[in-house]
Amino acid sequence: MKTIKFILIIIAFSFISIEVNAKICQSNLNSNYSQRKQKNDKLKTESFKVYGSCEMCKSRIEKAAKVKGVSSVVWDIKTQILKITFDPNVVTLDKIHSNIARAGHDTDKMKASDKVYNALPKCCQYVRAK
């Protein structure tokens, strides 16, 4: 009889422990969701033209744009449009344009230096806007 009582007490404590752990996990999930939502509320998404012509350009442009504060960057070869999501409290759009230009690619706001442009591989030397 004592063994049965002992087993029932163990089972009861197990259920209580499971319930407490479930509530703690749910609380942590809600807290993490709230923190992510606050962080995402600060993010800004912009699109702008970046000149290039091939997959090597795509890699170079995306690498140059991916700085601290940038969470997402995608450059489309066909449209030559860069879509970027960033935290404006950490990095400015001008800084992103500047990094891309220093990598040799003109944007709709900033032109790469002739020296850097001319150093690009031949397949990456896009037709420059006047």
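Residues numbered from 1 in each chain as written. Predicted model: local features only at pLDDT ≥ 70, side-chain atom pairs only at ≥ 80, totals over all residues. Heavy atoms only, no water.

Draft legend 1. Highlighting the sheet that holds strand S1 (residues 44-49). Strand order in the open sheet formed by 3 strands is S1-S3-S2, and the pairing between neighbours is antiparallel. This sheet does not close on itself; its edge strands, each paired only once, are S1 and strand S2 (70-76). Taken over all neighbouring pairs, the strand axes of this sheet differ in orientation by 15° on average, direction set aside. For S1 and strand S3 (residues 81-86), the ladder comprises 6 bridges, and the chain directions are antiparallel. Bridging from a neighbouring strand, phenylalanine 48 pairs with leucine 82 of S3. (Pairing = 2+ DSSP bridges. Helix = DSSP H or I, 4+ residues; strand = E, 2+ residues; numbered from the N terminus. Axes fitted to C-alpha atoms, helices over the stretch in contact; angles between N-to-C directions.)

Draft legend 2. Just helix H3 (residues 93-102), in detail. Inspection of H3 places Leu93, Ile96, His97, Asn99, Ile100 and Ala101 among the buried residues, and these make up the whole buried set. For H3, the elements touching its buried residues are S1, helix H2 (55-65), S2, S3 and helix H4 (114-118). Trailing H3 by a residue or two, glycine 104 shows a phi angle of about 110°, which is positive. (Buried < 20%, exposed > 50% of the residue type's maximum accessible area, 1.4 Å probe, protein only. Contact = heavy atoms within 4.5 Å.)

Draft legend 3. Highlighting the environment of tyrosine 51. With respect to the element layout, tyrosine 51 can be found in the loop between S1 and H2. With 53 residues separating them along the chain, tyrosine 51 and glycine 104 place their C-alpha atoms 9.3 Å apart. Excluding its chain neighbours within four sequence positions, the residues that come into contact with tyrosine 51 are Ile61, Trp75, Gln80, His105, Asp106, Thr107, Tyr126, Val127 and Ala129.

Draft legend 4. Spotlight on the state of the cysteines. Enumeration over the complete set of coordinates arrives at 0 disulfides. Looking at the unpaired cysteine 123, the closest cysteine sulfur is the one in cysteine 124, lying at 3.9 Å. Look at cysteine 123 and you get partly exposed, because its relative accessible area is 45%. Residue cysteine 124 is classed as buried on the basis of its relative accessible area, which comes to 0%. (Disulfide = S-S within 2.5 Å.)

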